[in-house]
Amino acid sequence: MSTESVTASVLHGAKDLRLEERQLPAPASDEIQVAVQATGLCGSDLHYFNHFRNGDIIVREPLTLGHESAGTVVAVGSAVTDFQAGDRVALEVGLPCENCEYCNNGRYNICRAMKFRSSAKANPHAQGTLQEKINHPARWCHKLPESVPLELGALVEPLSVAWHARSRANLPKDATVLVLGAGAVGLLAAAVAKADGLKTVIIADILKERVEFAVSNSFADAGVIVPMERPQTIDDKLAFAQKVATMVKETVVNGEAVGEVTAVYECTGVETCVQTAIYSTKPGGKVLIIGMGTPVLTIPISAAALREVDLVGVFRYANTYRQVIDLLADRPSSMPDLSKLLTQRFKGMDRIEEAFKMAGKVKDDSGNLVIKVLVDMTSKSRSSVL
(Lines give C-alpha, C1' and ligand atoms only; values in the text may rest on other atoms or scores of the structure.)
Protein backbone atom coordinates (compact mmCIF):
# COMPACT_ATOMS: atom_id res chain seq x y z
CA MET A 1 0.00 0.00 0.00
CA SER A 2 1.47 3.35 -1.04
CA THR A 3 1.10 6.92 0.18
CA GLU A 4 -2.20 8.51 -0.81
CA SER A 5 -3.75 11.96 -0.76
CA VAL A 6 -6.60 12.57 1.70
CA THR A 7 -8.74 15.60 2.43
CA ALA A 8 -8.37 17.22 5.84
CA SER A 9 -10.04 20.14 7.59
CA VAL A 10 -7.22 22.41 8.78
CA LEU A 11 -7.44 25.39 11.15
CA HIS A 12 -5.03 28.20 10.23
CA GLY A 13 -6.33 30.88 12.58
CA ALA A 14 -9.40 31.91 14.53
CA LYS A 15 -12.42 30.81 12.46
CA ASP A 16 -10.11 30.10 9.50
CA LEU A 17 -10.86 26.51 8.47
CA ARG A 18 -9.66 25.20 5.12
CA LEU A 19 -10.07 21.91 3.31
CA GLU A 20 -6.64 20.76 2.20
CA GLU A 21 -5.03 17.68 0.73
CA ARG A 22 -2.33 15.95 2.77
CA GLN A 23 -0.27 12.86 2.18
CA LEU A 24 -1.12 9.79 4.24
CA PRO A 25 1.41 6.94 4.18
CA ALA A 26 0.56 3.29 4.53
CA PRO A 27 -0.07 2.32 8.17
CA ALA A 28 2.99 1.34 10.20
CA SER A 29 3.30 -2.26 11.31
CA ASP A 30 1.40 -1.63 14.58
CA GLU A 31 -1.20 0.74 13.10
CA ILE A 32 -4.53 0.47 11.36
CA GLN A 33 -5.88 2.93 8.82
CA VAL A 34 -9.38 4.17 9.57
CA ALA A 35 -11.84 5.99 7.33
CA VAL A 36 -13.26 8.50 9.81
CA GLN A 37 -17.03 8.60 9.39
CA ALA A 38 -18.58 10.16 12.50
CA THR A 39 -17.10 12.93 14.64
CA GLY A 40 -18.71 14.89 17.46
CA LEU A 41 -17.57 18.45 18.11
CA CYS A 42 -16.20 19.10 21.59
CA GLY A 43 -15.99 22.30 23.60
CA SER A 44 -12.19 22.28 23.37
CA ASP A 45 -12.42 22.06 19.57
CA LEU A 46 -14.81 25.01 19.63
CA HIS A 47 -12.33 27.08 21.71
CA TYR A 48 -9.59 26.38 19.18
CA PHE A 49 -11.92 27.25 16.30
CA ASN A 50 -13.04 30.54 17.82
CA HIS A 51 -9.76 31.74 19.36
CA PHE A 52 -6.91 29.66 17.86
CA ARG A 53 -6.12 28.73 21.43
CA ASN A 54 -7.65 26.83 24.35
CA GLY A 55 -6.99 28.70 27.57
CA ASP A 56 -3.22 28.99 27.91
CA ILE A 57 -2.58 26.52 25.08
CA ILE A 58 -1.81 28.44 21.88
CA VAL A 59 -1.91 26.84 18.43
CA ARG A 60 1.53 27.13 16.85
CA GLU A 61 0.97 25.44 13.50
CA PRO A 62 -2.00 24.52 11.26
CA LEU A 63 -4.15 22.09 13.21
CA THR A 64 -6.80 19.54 12.30
CA LEU A 65 -9.47 19.44 14.98
CA GLY A 66 -11.72 16.57 16.11
CA HIS A 67 -11.21 13.74 18.59
CA GLU A 68 -14.65 12.22 19.27
CA SER A 69 -14.62 9.82 16.35
CA ALA A 70 -15.55 6.44 14.97
CA GLY A 71 -15.01 4.89 11.58
CA THR A 72 -14.23 1.82 9.52
CA VAL A 73 -10.90 0.05 9.13
CA VAL A 74 -9.61 0.19 5.55
CA ALA A 75 -6.08 -1.19 5.99
CA VAL A 76 -3.96 -2.84 8.70
CA GLY A 77 -0.24 -2.87 9.46
CA SER A 78 1.83 -5.99 8.96
CA ALA A 79 1.98 -6.85 12.68
CA VAL A 80 -1.74 -6.29 13.37
CA THR A 81 -3.70 -9.52 13.79
CA ASP A 82 -6.87 -8.51 15.66
CA PHE A 83 -8.32 -6.07 13.09
CA GLN A 84 -9.28 -6.41 9.48
CA ALA A 85 -10.72 -4.19 6.77
CA GLY A 86 -14.39 -3.56 7.40
CA ASP A 87 -14.19 -3.56 11.21
CA ARG A 88 -15.96 -0.61 12.80
CA VAL A 89 -14.00 1.11 15.57
CA ALA A 90 -14.10 3.89 18.13
CA LEU A 91 -10.83 5.80 18.33
CA GLU A 92 -9.11 6.45 21.65
CA VAL A 93 -7.07 9.42 20.55
CA GLY A 94 -4.76 10.02 23.50
CA LEU A 95 -1.31 8.52 22.94
CA PRO A 96 0.64 8.20 26.21
CA CYS A 97 4.32 7.29 26.48
CA GLU A 98 3.42 3.85 28.00
CA ASN A 99 6.65 3.84 29.99
CA CYS A 100 6.28 6.28 32.91
CA GLU A 101 5.05 5.67 36.46
CA TYR A 102 1.53 6.83 35.56
CA CYS A 103 1.27 4.61 32.48
CA ASN A 104 2.71 1.66 34.40
CA ASN A 105 0.08 2.16 37.12
CA GLY A 106 -2.80 2.34 34.65
CA ARG A 107 -3.28 6.11 34.96
CA TYR A 108 -2.07 6.92 31.48
CA ASN A 109 -4.52 9.83 31.21
CA ILE A 110 -2.16 11.92 33.36
CA CYS A 111 1.00 10.87 31.49
CA ARG A 112 3.18 13.97 31.19
CA ALA A 113 4.17 13.01 27.66
CA MET A 114 0.60 12.45 26.42
CA LYS A 115 -0.07 13.43 22.82
CA PHE A 116 -3.78 13.98 22.26
CA ARG A 117 -5.25 14.40 18.82
CA SER A 118 -6.59 17.93 18.12
CA SER A 119 -4.70 19.37 21.10
CA ALA A 120 -2.00 22.00 20.61
CA LYS A 121 -0.30 21.15 23.91
CA ALA A 122 2.36 18.92 22.34
CA ASN A 123 4.65 20.30 19.66
CA PRO A 124 4.43 19.30 16.87
CA HIS A 125 0.69 19.08 17.40
CA ALA A 126 -1.13 15.75 17.25
CA GLN A 127 -3.43 16.22 14.28
CA GLY A 128 -7.12 15.53 14.91
CA THR A 129 -9.65 13.28 13.24
CA LEU A 130 -11.53 15.67 10.95
CA GLN A 131 -9.87 14.16 7.89
CA GLU A 132 -10.90 11.41 5.51
CA LYS A 133 -8.55 8.79 6.92
CA ILE A 134 -6.01 8.49 9.69
CA ASN A 135 -3.40 5.98 10.77
CA HIS A 136 -3.70 5.12 14.45
CA PRO A 137 -2.03 2.57 16.74
CA ALA A 138 -4.16 -0.57 16.78
CA ARG A 139 -3.93 -0.85 20.56
CA TRP A 140 -5.84 2.44 20.89
CA CYS A 141 -8.67 1.38 18.58
CA HIS A 142 -11.72 -0.42 19.92
CA LYS A 143 -14.13 -2.57 17.92
CA LEU A 144 -17.78 -1.64 17.87
CA PRO A 145 -20.40 -4.41 17.87
CA GLU A 146 -23.03 -4.31 15.15
CA SER A 147 -25.61 -3.08 17.66
CA VAL A 148 -23.70 0.20 18.18
CA PRO A 149 -24.01 2.60 15.22
CA LEU A 150 -21.04 4.77 14.27
CA GLU A 151 -22.66 7.94 15.57
CA LEU A 152 -22.90 6.39 19.03
CA GLY A 153 -19.34 5.20 18.54
CA ALA A 154 -18.43 8.88 18.32
CA LEU A 155 -19.97 9.35 21.78
CA VAL A 156 -17.65 6.76 23.34
CA GLU A 157 -14.97 9.42 23.89
CA PRO A 158 -17.06 11.97 25.85
CA LEU A 159 -18.99 9.16 27.57
CA SER A 160 -15.62 7.87 28.75
CA VAL A 161 -15.10 11.14 30.64
CA ALA A 162 -18.33 10.51 32.53
CA TRP A 163 -17.43 6.87 33.11
CA HIS A 164 -14.01 7.86 34.48
CA ALA A 165 -15.74 10.31 36.84
CA ARG A 166 -18.00 7.44 37.95
CA SER A 167 -14.93 5.34 38.75
CA ARG A 168 -13.32 8.18 40.69
CA ALA A 169 -16.55 8.70 42.66
CA ASN A 170 -17.15 5.01 43.49
CA LEU A 171 -20.62 5.72 44.85
CA PRO A 172 -22.99 3.35 46.67
CA LYS A 173 -26.37 2.49 45.15
CA ASP A 174 -28.26 4.68 47.61
CA ALA A 175 -26.31 7.78 46.56
CA THR A 176 -27.92 11.04 45.56
CA VAL A 177 -26.08 12.94 42.83
CA LEU A 178 -26.15 16.55 41.69
CA VAL A 179 -24.88 17.36 38.20
CA LEU A 180 -23.94 21.01 37.65
CA GLY A 181 -24.18 21.86 33.97
CA ALA A 182 -26.61 20.30 31.51
CA GLY A 183 -24.37 20.41 28.46
CA ALA A 184 -23.19 17.25 26.73
CA VAL A 185 -20.72 16.18 29.43
CA GLY A 186 -23.15 16.92 32.26
CA LEU A 187 -25.91 14.98 30.55
CA LEU A 188 -23.55 12.05 29.99
CA ALA A 189 -22.51 12.13 33.66
CA ALA A 190 -26.19 12.10 34.60
CA ALA A 191 -26.82 9.23 32.17
CA VAL A 192 -24.08 7.13 33.78
CA ALA A 193 -25.54 7.80 37.23
CA LYS A 194 -28.95 6.71 35.94
CA ALA A 195 -27.42 3.61 34.35
CA ASP A 196 -26.01 2.70 37.75
CA GLY A 197 -29.49 2.93 39.26
CA LEU A 198 -28.47 5.51 41.86
CA LYS A 199 -31.21 6.70 44.18
CA THR A 200 -31.63 10.24 42.86
CA VAL A 201 -30.06 12.34 40.10
CA ILE A 202 -30.58 16.11 40.09
CA ILE A 203 -29.32 18.37 37.32
CA ALA A 204 -28.85 22.15 37.41
CA ASP A 205 -28.23 24.73 34.70
CA ILE A 206 -28.91 28.38 33.97
CA LEU A 207 -30.89 27.44 30.86
CA LYS A 208 -34.43 26.30 31.57
CA GLU A 209 -34.63 24.43 28.26
CA ARG A 210 -31.59 22.29 29.06
CA VAL A 211 -32.96 21.35 32.46
CA GLU A 212 -36.33 20.49 30.94
CA PHE A 213 -34.60 18.41 28.26
CA ALA A 214 -32.70 16.46 30.91
CA VAL A 215 -35.75 15.70 33.03
CA SER A 216 -38.18 14.99 30.18
CA ASN A 217 -35.72 12.57 28.56
CA SER A 218 -34.94 10.73 31.82
CA PHE A 219 -31.39 11.98 32.25
CA ALA A 220 -32.38 13.27 35.71
CA ASP A 221 -35.15 12.84 38.24
CA ALA A 222 -35.50 16.57 38.84
CA GLY A 223 -33.90 19.83 37.82
CA VAL A 224 -32.87 23.17 39.25
CA ILE A 225 -32.87 26.30 37.12
CA VAL A 226 -30.01 28.42 38.40
CA PRO A 227 -30.82 32.16 38.57
CA MET A 228 -29.18 34.23 35.85
CA GLU A 229 -27.13 36.36 38.23
CA ARG A 230 -23.52 37.47 37.98
CA PRO A 231 -22.21 38.30 41.47
CA GLN A 232 -18.91 40.18 41.40
CA THR A 233 -17.38 40.18 44.87
CA ILE A 234 -16.21 37.06 46.68
CA ASP A 235 -18.81 37.55 49.41
CA ASP A 236 -21.59 37.93 46.86
CA LYS A 237 -20.43 34.85 44.97
CA LEU A 238 -20.38 32.72 48.12
CA ALA A 239 -23.83 34.01 49.13
CA PHE A 240 -25.15 33.17 45.66
CA ALA A 241 -23.60 29.69 45.83
CA GLN A 242 -25.26 29.07 49.18
CA LYS A 243 -28.59 30.20 47.74
CA VAL A 244 -28.30 27.77 44.83
CA ALA A 245 -27.24 24.98 47.21
CA THR A 246 -30.38 25.65 49.23
CA MET A 247 -32.45 25.38 46.04
CA VAL A 248 -30.87 21.99 45.40
CA LYS A 249 -31.51 20.75 48.95
CA GLU A 250 -35.14 21.85 48.79
CA THR A 251 -35.79 20.09 45.47
CA VAL A 252 -38.52 17.51 45.96
CA VAL A 253 -38.26 14.01 44.46
CA ASN A 254 -40.83 11.35 45.26
CA GLY A 255 -42.44 13.59 47.85
CA GLU A 256 -39.26 14.31 49.82
CA ALA A 257 -36.69 17.09 49.77
CA VAL A 258 -33.35 15.86 48.45
CA GLY A 259 -31.27 17.50 51.15
CA GLU A 260 -27.48 17.38 50.95
CA VAL A 261 -26.22 15.12 48.17
CA THR A 262 -23.70 12.31 48.26
CA ALA A 263 -21.70 13.63 45.33
CA VAL A 264 -21.60 16.44 42.81
CA TYR A 265 -20.42 16.14 39.23
CA GLU A 266 -19.24 19.69 38.54
CA CYS A 267 -19.22 20.03 34.76
CA THR A 268 -18.99 23.79 34.21
CA GLY A 269 -15.70 25.06 35.61
CA VAL A 270 -17.53 28.20 36.78
CA GLU A 271 -16.35 29.55 40.14
CA THR A 272 -19.80 29.88 41.72
CA CYS A 273 -20.69 26.35 40.58
CA VAL A 274 -17.65 24.86 42.32
CA GLN A 275 -18.64 26.80 45.43
CA THR A 276 -22.23 25.53 45.09
CA ALA A 277 -20.93 21.98 44.75
CA ILE A 278 -19.15 22.17 48.10
CA TYR A 279 -22.14 23.69 49.88
CA SER A 280 -24.49 21.08 48.40
CA THR A 281 -22.50 18.03 49.47
CA LYS A 282 -23.10 16.13 52.70
CA PRO A 283 -20.28 15.37 55.19
CA GLY A 284 -18.04 12.67 53.79
CA GLY A 285 -19.28 13.31 50.25
CA LYS A 286 -17.36 14.05 47.07
CA VAL A 287 -17.12 16.81 44.51
CA LEU A 288 -15.94 15.53 41.12
CA ILE A 289 -14.28 18.40 39.27
CA ILE A 290 -14.87 17.66 35.60
CA GLY A 291 -15.41 21.09 34.04
CA MET A 292 -12.41 23.11 32.89
CA GLY A 293 -13.25 26.79 33.16
CA THR A 294 -11.83 29.43 35.47
CA PRO A 295 -8.21 28.32 36.09
CA VAL A 296 -7.85 30.13 39.43
CA LEU A 297 -10.84 30.46 41.74
CA THR A 298 -11.83 31.03 45.35
CA ILE A 299 -13.57 28.17 47.17
CA PRO A 300 -14.95 27.79 50.74
CA ILE A 301 -12.25 25.32 51.71
CA SER A 302 -13.28 25.13 55.36
CA ALA A 303 -16.78 24.04 54.29
CA ALA A 304 -15.08 21.13 52.56
CA ALA A 305 -12.26 20.29 54.95
CA LEU A 306 -14.26 20.47 58.20
CA ARG A 307 -16.86 18.08 56.78
CA GLU A 308 -14.36 15.84 54.93
CA VAL A 309 -15.84 16.63 51.55
CA ASP A 310 -13.34 15.27 49.03
CA LEU A 311 -12.46 17.41 46.01
CA VAL A 312 -11.61 14.92 43.26
CA GLY A 313 -10.04 15.90 39.96
CA VAL A 314 -11.24 14.21 36.78
CA PHE A 315 -9.08 14.52 33.65
CA ARG A 316 -10.15 12.72 30.49
CA TYR A 317 -10.22 8.96 31.11
CA ALA A 318 -8.22 5.74 31.35
CA ASN A 319 -9.21 2.12 30.75
CA THR A 320 -12.80 3.05 29.93
CA TYR A 321 -13.48 2.37 26.26
CA ARG A 322 -14.31 -1.33 26.47
CA GLN A 323 -16.66 -0.79 29.41
CA VAL A 324 -18.37 2.14 27.73
CA ILE A 325 -18.84 0.22 24.47
CA ASP A 326 -20.33 -2.68 26.42
CA LEU A 327 -22.68 -0.21 28.13
CA LEU A 328 -23.87 1.10 24.75
CA ALA A 329 -24.26 -2.41 23.35
CA ASP A 330 -26.35 -3.59 26.29
CA ARG A 331 -28.07 -0.44 27.53
CA PRO A 332 -29.59 -0.80 31.02
CA SER A 333 -33.28 0.01 31.17
CA SER A 334 -32.51 2.84 33.60
CA MET A 335 -30.16 4.61 31.18
CA PRO A 336 -31.64 7.25 28.84
CA ASP A 337 -31.34 7.10 25.07
CA LEU A 338 -28.01 8.79 24.32
CA SER A 339 -28.83 9.28 20.65
CA LYS A 340 -31.08 12.14 21.77
CA LEU A 341 -27.92 14.11 22.60
CA LEU A 342 -27.01 14.22 18.90
CA THR A 343 -29.15 17.23 18.15
CA GLN A 344 -27.65 18.47 14.86
CA ARG A 345 -25.93 16.48 12.11
CA PHE A 346 -23.96 17.86 9.18
CA LYS A 347 -23.05 15.62 6.25
CA GLY A 348 -19.85 16.14 4.30
CA MET A 349 -16.48 17.69 5.06
CA ASP A 350 -17.44 20.91 3.28
CA ARG A 351 -19.93 21.55 6.10
CA ILE A 352 -17.44 21.31 8.96
CA GLU A 353 -17.13 25.08 9.35
CA GLU A 354 -20.93 25.37 9.41
CA ALA A 355 -21.01 22.63 12.04
CA PHE A 356 -18.58 24.56 14.25
CA LYS A 357 -20.68 27.70 13.98
CA MET A 358 -23.73 25.66 15.01
CA ALA A 359 -21.85 24.17 17.99
CA GLY A 360 -21.39 27.68 19.38
CA LYS A 361 -25.14 28.35 19.51
CA VAL A 362 -27.68 27.60 22.21
CA LYS A 363 -30.43 26.85 19.68
CA ASP A 364 -30.53 26.28 15.94
CA ASP A 365 -32.60 28.33 13.51
CA SER A 366 -35.60 26.06 14.13
CA GLY A 367 -35.47 26.69 17.86
CA ASN A 368 -34.04 23.26 18.73
CA LEU A 369 -31.48 22.96 21.52
CA VAL A 370 -27.88 22.49 20.45
CA ILE A 371 -26.27 19.84 22.63
CA LYS A 372 -23.93 17.75 20.49
CA VAL A 373 -23.16 18.52 16.85
CA LEU A 374 -22.08 15.56 14.72
CA VAL A 375 -20.16 15.63 11.44
CA ASP A 376 -21.02 12.71 9.16
CA MET A 377 -18.02 12.24 6.87
CA THR A 378 -19.29 9.32 4.83
CA SER A 379 -19.54 11.70 1.88
CA LYS A 380 -17.81 14.91 0.90
CA SER A 381 -20.81 16.14 -1.09
CA ARG A 382 -22.99 18.91 0.27
CA SER A 383 -26.37 17.96 1.68
CA SER A 384 -28.87 19.27 4.17
CA VAL A 385 -28.71 18.84 7.92
CA LEU A 386 -29.96 15.32 8.70
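Criteria and thresholds
Residues numbered from 1 in each chain as written. Predicted model: local features only at pLDDT ≥ 70, side-chain atom pairs only at ≥ 80, totals over all residues. Heavy atoms only, no water. Helix = DSSP H or I, 4+ residues; strand = E, 2+ residues; numbered from the N terminus. Contact = heavy atoms within 4.5 Å. Buried < 20%, exposed > 50% of the residue type's maximum accessible area, 1.4 Å probe, protein only. Pairing = 2+ DSSP bridges. Right-handed = clockwise from strand over helix to strand, strands pointing away. Phe/Tyr/Trp six-rings, centres within 6.5 Å; stacked < 30°, edge-to-face > 60°. Patch = residues over 30% accessible without salt bridge, like charges linked within 9 Å, V, L, I, M, F, W, Y side chains within 5 Å. Areas by Shrake-Rupley, 256 points an atom, 1.4 Å probe, with all protein chains shown as cover. Salt bridge = Lys/Arg side-chain N within 4 Å of Asp/Glu carboxyl O.

K.L.:
Talk me through the environment of A318; I want residue IDs and the actual numbers.
P.N.:
One can find A318 in the loop between β19 (310–313) and α10 (321–329). Separated by 57 residues in sequence, A318 and V375 place their C-alpha atoms 25 Å apart. Once residues within four sequence positions are removed from consideration, A318 is found in contact with G106, Y108, N109 and H164.

K.L.:
Just give me the short version of the pairing of strand β17 (residues 261–266), but keep the residues and values in it.
P.N.:
Taking burial as the measure, the 6 residues of β17 include 6 buried ones, the bulk of the element. Summarising the sheet, β17 and strand β18 (residues 281–289) pair through 5 bridges and their orientation is parallel. The partner of A263 across the bridge, within β18, is K286. Each parallel crossover has a hand, and the one from β17 via helix α8 (residues 271–280) to β18 is right-handed.

K.L.:
Describe the packing of aromatic side chains, listing the residues and the values that go with them.
P.N.:
Under the counting rule described, the total for this entry stands at 4 aromatic pairs. When the ring of F49 is compared with that of F356, the centres are 5.0 Å apart and the planes differ by 20 degrees; the resulting orientation is stacked. With F49 in helix α1 (residues 43–51) and F356 in helix α11 (residues 352–359), this residue pair connects regions lying 307 residues apart in the sequence. Across the pair, F356 and F49 agree in class, each one buried. Seen from their ring centres, Y317 and Y321 are 5.7 Å apart, and the 50 degrees between their planes marks the pair as tilted. Residue Y317 shares its accessibility class with Y321, and that shared class is buried.

K.L.:
Kindly report on the environment of C267, identifying the contributing residues and their values.
P.N.:
Residue placement: C267 occurs in the loop between β17 and α8. For C267, a relative accessible area of 16% gives the class buried. In this structure, the C-alpha to C-alpha distance between C267 and R88, residues 179 residues apart in sequence, is 30 Å. Each residue touching C267, except ones within four places of it in the same chain, is listed here: V179, L180, G181, V185, G186, A189, I290 and G291.

K.L.:
Explain a nonpolar patch on the surface to me, using residue names and the numbers behind them.
P.N.:
There is a patch of nonpolar side chains on the surface, built from I110, M292 and F315 and spanning about 290 Å² of accessible area. One can find I110 in the loop between α2 (101–104) and β9 (115–116). Under the relative-accessibility criterion, I110 is labelled partly exposed at 31%.

K.L.:
Tell me what's going on with unusual backbone geometry, and back it up with residues and numbers.
P.N.:
Among all residues save glycine, negative phi is the norm, and among peptide bonds the norm is trans. In this structure, the amide linkage connecting N123 to the following residue, P124, adopts the cis form with an omega of 0 degrees. As for its placement among the helices and strands, P124 is situated in the loop between β9 and β10 (133–137). For F52, which is not glycine, the phi dihedral falls at a positive 60 degrees. With respect to the secondary-structure elements, F52 resides in the loop between α1 and β4 (53–54). Not every positive phi belongs to a glycine, and E308 is a case in point at roughly 55 degrees. Within the secondary structure, E308 sits in the loop between α9 (301–305) and β19. Overall, E308 belongs to the exposed group, its relative accessible area being 61%.

By themselves these figures say nothing about function.
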